[in-house]
Protein chains: 2
Amino acid sequence: MLKLGILGLGTVGSGVVKILEKNAENIKNKVGTEVKIIKILVNNLDKERDIEIDKNLLTDNAEDIINNPEIDIVVELIGGEQPAYDYIMRSIENGKSIVTANKLVIAKYGKRIFRKADENDAQVCYEGSVAGGLPIIRPLQNSLAANRIEKIYGILNGTTNYILTDMSKNKKDFDESLKNAQDLGFAEADPSSDIDGHDAAYKITILSSLAFERFVDVRDVYVEGIREIKSTDLELAHEMGYVIKLLAIAKNGNDGVDIRVHPAFIPEDHPIAMINGTYNCVYLHGDAVGQVMSTARGAGQMPTGSAVTADIIQVAKDINYNQREVQRMDSFLESNVTKIDEIENSFYLRLEVEDKPGVMAHIAKIFGDNNVSLASVLQKQKDNPVVPLVFITHHVKEKDLEKSLNEIKELDDVIEIKSVIRVENDI
Amino acid sequence: MLKLGILGLGTVGSGVVKILEKNAENIKNKVGTEVKIIKILVNNLDKERDIEIDKNLLTDNAEDIINNPEIDIVVELIGGEQPAYDYIMRSIENGKSIVTANKLVIAKYGKRIFRKADENDAQVCYEGSVAGGLPIIRPLQNSLAANRIEKIYGILNGTTNYILTDMSKNKKDFDESLKNAQDLGFAEADPSSDIDGHDAAYKITILSSLAFERFVDVRDVYVEGIREIKSTDLELAHEMGYVIKLLAIAKNGNDGVDIRVHPAFIPEDHPIAMINGTYNCVYLHGDAVGQVMSTARGAGQMPTGSAVTADIIQVAKDINYNQREVQRMDSFLESNVTKIDEIENSFYLRLEVEDKPGVMAHIAKIFGDNNVSLASVLQKQKDNPVVPLVFITHHVKEKDLEKSLNEIKELDDVIEIKSVIRVENDI
Ligand SMILES: NC(=O)c1ccc[n+]([C@@H]2O[C@H](COP(=O)([O-])OP(=O)(O)OC[C@H]3O[C@@H](n4cnc5c(N)ncnc54)[C@H](OP(=O)(O)O)[C@@H]3O)[C@@H](O)[C@H]2O)c1
Ligand SMILES: NC(=O)c1ccc[n+]([C@@H]2O[C@H](COP(=O)([O-])OP(=O)(O)OC[C@H]3O[C@@H](n4cnc5c(N)ncnc54)[C@H](OP(=O)(O)O)[C@@H]3O)[C@@H](O)[C@H]2O)c1
């Protein structure tokens, strides 16, 4: 029999308990022995739980798990940085293997955790940390291992994808769609980690390290969220044959990793453009395999529980058969992140200008002077002295664009630069 | 150092050689030691090869590999039943681990091969046998292991998907598209295994065994190919909001596995309907994870080479670190295949009838008498005494449909039943 201690009995923790119970027979078969939860850490012992659970299993003292010599595997599902990181490190020091869905901790401290695990002959599995139920961590570690992976694009946050889909399909504003997502349980009360792109940044950092075998500092990842996306932009995107998605991107370059999270225009016939609602996807390119795309629900109790429980099965099986998955993360190098202003991108720009002769000429001159060349221009007619003006640029250095926008802002006839959104045409 | 013997240096064998060479440094890092090809079996030593290869590596005597005590891993890429099966079994008896892309041998003899491998402490990996570069064998074995998988749908044959896409997009006939596929190297000179659905049947048999943990006899799988698909059917499908795909289906039932390969109408907004050209996809439903779909190129030198080489890396790593992946296939049960005439399906039917009053009434009566209820009827107006008549039925037992079609065929006014194609509405 193998003994589990679970840290946290919230959304995912409860899912794991349910799956371990429901599929117990089958899991026993796979592992070769029974897998039994012997302790669960919670914050509040008296809280009403939506699953039936033997009260004797619960504890509010982490030491009952971390320092429990009976426990083989610690499943960390508290979330957040501390005390989760501390509990993981101390459990490893005590020789326990770890299963976690904590993207923050893995993205930020992965290297230290893997080293500590190596020193202590422990395993660390984190399939649940990226894209919920979608199998991606292990495929990168094994089925795709023969490839040099060149780039990864992902929709890695279900909350923002739900909001953008809802805004676009139902012509809603951001605030309205956010509220809707919260009502439906797809967004948290404090949604900032999702909305502002940090959640996706942790996830793309994890994928990038595995795919390129280079660790980057998650704090260097350029992050831009979806708060500023207007339903006008979604409509204009649609008119021009695009959709807007919060995209996580990682490209392996010679000097560093181009890694970032930001809203992006994507051609509407691209497979990624079809991933709607709370679905996530990972789209990658390997030198041998070519393009591979996978999609599944990226969050939620059962999908994430599925990934976490799969890790539990794997680690339990390894322990039972005296095996140990060797990951060789020790050979991963540290890598720079390419600075965002060095990157070349296409841009969608929406300006509000006064309807006077000469405005366009002034703007065009500034673009020209700064090496910004235009792919298309759309001028919306309105019976109004204020006209919206939309540009899509060719590839330009971000710093050249920024310089021209700073100059354009100063033009008398330009009222406001409403939107600046990157366009991913060659995805 | 780990030593490989490769059986076969055709399309896939050459791909594996290329990848092992190109990514040698990276692979060495992953495995923890060098992986070296020391012998390659071919049929014809004098054949011109499209890769540069040291002639001393080649042999036309299989014993140089199978009975070579230096060789750790045998990579079987000859294809076909014999001598491939014999070589695999004898290599295992000699304690070697196997990597293969041979779907026929795994589908037909998997159980015996896995048992033999267990007895000899050898590993057998076959990621390349299904859907080329698409990671699916290992995800079923690990990332999705916590699920009860209920059903799998796949587009598992690139040749037929290319042909159907070409017929549909370019309004071509089957023969013309087949020839086009052959010219482009997407179909073999003898395309029957692809076209008639047998290739896909081997693959769905392999997926079904892993997903449901039940072995079925591949000879019991119902198989229907795409030779009879007319471009008229593709056009009518489009008019009614469907596409036609060669679908491989496996559903886990109480009494047996409903497993089959046949052309099917699929709603055109379903993700599977968007998989075009030589791409493959696997779409599955698990009780915890919900829907998961993956897509990649399902054949070809480099994608298949990617999968085979990934297996080589895994096995080599395991050997190097004294590990052994435990698959526990021994607990898989043998299972019946549900007889096709017991299955309920919707159908698309295209008839040619004489344009006389009463025909419809006669046909409708026969359907009614046989419990076949109709979802829609489409009558194409033509200035012609012969009119095409199209039906889509609700779910009916296949044997009820067959009985009514036999009766309808006998009607004086019915000239011919042109097409009978299953409709998968609740995919
Ligand atoms: N939710 C998802 O869909 C999802 C998807 C992918 C990954 N994840 C990751 O999975 C992890 C868990 O997420 P979740 O949504 O399940 O979180 P949650 O619902 O907030 O649950 C957290 C659990 O941890 C317990 N806990 C929190 N702080 C604690 C502390 N200091 N000491 C003891 N117990 C503490 C809580 O106890 P009480 O119950 O007593 O309050 C609760 O049971 C996070 O890393 C998250 O990023 C979640
Ligand atoms: N091609 C694909 O895209 C693809 C995709 C997925 C899976 N697969 C599977 O991969 C396997 C290999 O396919 P392939 O397309 O690479 O085949 P292939 O191009 O026909 O190559 C077969 C190789 O095996 C050698 N060979 C055949 N019979 C032999 C015998 N009796 N003794 C010694 N050598 C023999 C041939 O030698 P010569 O070179 O001297 O003729 C040739 O090098 C098959 O199981 C296939 O189903 C292929």
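Model, not experiment: these values are computed from the prediction. (Residues numbered from 1 in each chain as written. Chains lettered and ligands numbered in written order. Predicted model: local features only at pLDDT ≥ 70, side-chain atom pairs only at ≥ 80, totals over all residues. Heavy atoms only, no water.)

Caption draft 1: Local environment of the overall build of chain A. Looking only at helices and strands, chain A has 14 helices and 19 strands in total. Taken over C-alpha atoms, the radius of gyration comes to 24 Å for chain A, in line with the 22 Å a tight globule of 427 residues would show. For chain A, the spread of C-alpha atoms along the principal axes amounts to about 80 × 45 × 35 Å. Burial status across chain A gives 59% buried among its 427 residues. Taking contacts inside chain A between residues at least 6 apart in sequence as the whole, the part at least 24 apart equals 74%. Only carbon and sulfur atoms are counted for the fraction: they give 44% of the accessible area of chain A, which is about 17,200 Å². Taken together, the 49 basic and 68 acidic charged side chains of chain A have centroids lying 3 Å from each other. (Helix = DSSP H or I, 4+ residues; strand = E, 2+ residues; numbered from the N terminus. Rg over C-alpha atoms; globule rule 2.2 N^0.38 Å. Buried < 20%, exposed > 50% of the residue type's maximum accessible area, 1.4 Å probe, protein only. Contact = heavy atoms within 4.5 Å. Areas by Shrake-Rupley, 256 points an atom, 1.4 Å probe, with all protein chains shown as cover. Lys, Arg positive; Asp, Glu negative; His and termini not counted. Charge placed at Lys NZ, Arg CZ, Asp CG, Glu CD.)

Caption draft 2: Up close: the site of ligand 1. Residues and elements named next belong to chain A. Surrounding ligand 1, one finds 22 residues, the nearest of these being Leu9, Val12, Lys47, Arg49 and Gly300. Backbone polar atom of Thr11 to an oxygen atom of ligand 1: 2.9 Å apart, as the coordinates give it. Residue Gly300 places a main-chain N or O atom 2.7 Å away from an oxygen atom belonging to ligand 1. Considered on its own, ligand 1 offers 900 Å² of accessible surface; in the complex 76% of this is hidden by protein. Residue composition of the shell around ligand 1, grouped by class: nine nonpolar, ten polar and three charged. (Near = heavy atom within 4 Å. Polar contact = N/O pair within 3.5 Å; in protein donor to acceptor, adjacent residues only side chain to side chain. Nonpolar A, V, L, I, M, F, W, Y, C, P; charged D, E, K, R; others polar.)

Caption draft 3: Geometry of the sheet that holds strand β1 (residues 2-7) of chain B. Residues and elements named next belong to chain B. Spatially, six strands are ordered β3-β2-β1-β4-β5-β6 in an open sheet, and the strand pairing comes out parallel. Across the chains shown, the open sheet's two edge strands, defined by having one partner strand only, are β3 (58-59) and β6 (124-125). The pairing of strand β5 (residues 97-100) with β6 spans two bridges and is parallel. Looking across to β6, one finds that Ile98 is bridged to Val124. In the packing of helix α4 (residues 84-93) onto the sheet, contacts are made with β1, β2 (35-41), β4 (73-76), β5 and β6, and the angle to β5 comes to roughly 155 degrees. (Pairing = 2+ DSSP bridges. Axes fitted to C-alpha atoms, helices over the stretch in contact; angles between N-to-C directions.)

Caption draft 4: Highlighting the interface of chain B and chain A. At the interface, 47 residues of chain B touch 47 residues of chain A. For the pair chain B and chain A, the summed buried area comes to about 4,300 Å², and 48% of that belongs to carbon and sulfur atoms. Contact with chain A buries surface across chain B, with Ser143(B), Ala146(B) and Arg328(B) losing the most and accounting together for 13% of the total. When the shortest N-O distance is used, the salt bridge between Lys30(A) and Glu213(B) registers 3.2 Å. Run the count over chain B and chain A and you get 23 residue pairs in polar contact (both at pLDDT 80 or more). Elements represented by at least two residues in the side of chain B that touches chain A include exactly α1 (11-22), α2 (24-31), α6 (137-141), β13 (290-297) and α12 (301-320) of chain B. The greatest single-element share of the side of chain B that touches chain A, amounting to eight residues, is contributed by α12(B). Residues of the side of chain B that touches chain A, tallied by class, amount to 19 nonpolar, 17 polar and eleven charged. (Buried area = accessible area lost by both parts, 1.4 Å probe. Salt bridge = Lys/Arg side-chain N within 4 Å of Asp/Glu carboxyl O.)

Caption draft 5: Broad picture of the site of ligand 2. Residue and element names in this part refer to chain B. Taken together, the neighbourhood of ligand 2 is formed by 22 residues, with Leu9, Val12, Lys47, Arg49 and Gly300 sitting nearest. Separating an oxygen atom of ligand 2 from a backbone N or O atom of Asn44 is a distance of 2.8 Å. Alone, ligand 2 offers 900 Å² of accessible surface; in the complex the protein occludes 76% of this. Of the residues in the shell around ligand 2, the class split is nine nonpolar, ten polar and three charged.

Caption draft 6: View of the UniProt feature "binding site: L-homoserine" (unreviewed entry) in chain A. All names here are of chain A. Within this numbering scheme, the UniProt entry marks Glu188 as carrying the feature "binding site: L-homoserine" (unreviewed entry). In this structure, Glu188 sits in the loop between α8 (174-183) and α9 (192-195). The class of Glu188 is exposed, set by a relative accessible area of 54%. (UniProt positions renumbered as here; feature names shortened; annotations may be inferred.)

Caption draft 7: Geometry of the sheet that holds strand β6 (residues 124-125) of chain A. Residues and elements named next belong to chain A. Taken together, six strands build an open sheet; the order of strands is β3-β2-β1-β4-β5-β6 and the sheet is parallel. Of all the strands in the sheet, just β3 (58-59) and β6 have a single pairing partner and so form its edges. Looking at chain direction, strand β4 (residues 73-76) and strand β5 (residues 97-100) are connected through four bridges and run parallel. Counted as the bridge partner of Val75 is Val99 from β5. Across the sheet, helix α4 (residues 84-93) is in contact with β1 (2-7), β2 (35-41), β4, β5 and β6; its angle to β5 comes to roughly 155 degrees.

Caption draft 8: Fine view of the nonpolar core. Ile113(A) and Ile113(B) are the most contacted members of the largest nonpolar core, which totals 170 residues. When neighbours within four sequence positions are excluded, Ile113(A) is seen to be in contact with Tyr85(A), Ile88(A), Met89(A), Ile92(A), Val105(A), Ile106(A) and Val124(A). (Core = buried A, V, L, I, M, F, W, Y, C linked by side-chain atoms within 4.5 Å.)

Caption draft 9: Highlighting the side chain of Ser346(B). Residues and elements named next belong to chain B. Summarising the element assignment, Ser346 is placed in strand β15 (residues 344-354). Classification of Ser346 by relative accessible area gives buried; the value is 5%. A distance of 2.9 Å separates the side chain of Ser346 from the backbone oxygen of Thr393, its partner in a polar contact. Residues within four places of Ser346 in sequence aside, it is in contact with Thr393, His394, His395, Ile421, Arg422, Val423 and Asn425.

Caption draft 10: Just the packing of aromatic side chains, in detail. The tally for this structure, following the rule as stated, stands at 16 aromatic pairs over all chains. One aromatic cluster is present, formed by Tyr242(A), Phe265(A) and Tyr348(A) through successive ring pairs. (Phe/Tyr/Trp six-rings, centres within 6.5 Å; stacked < 30°, edge-to-face > 60°.)

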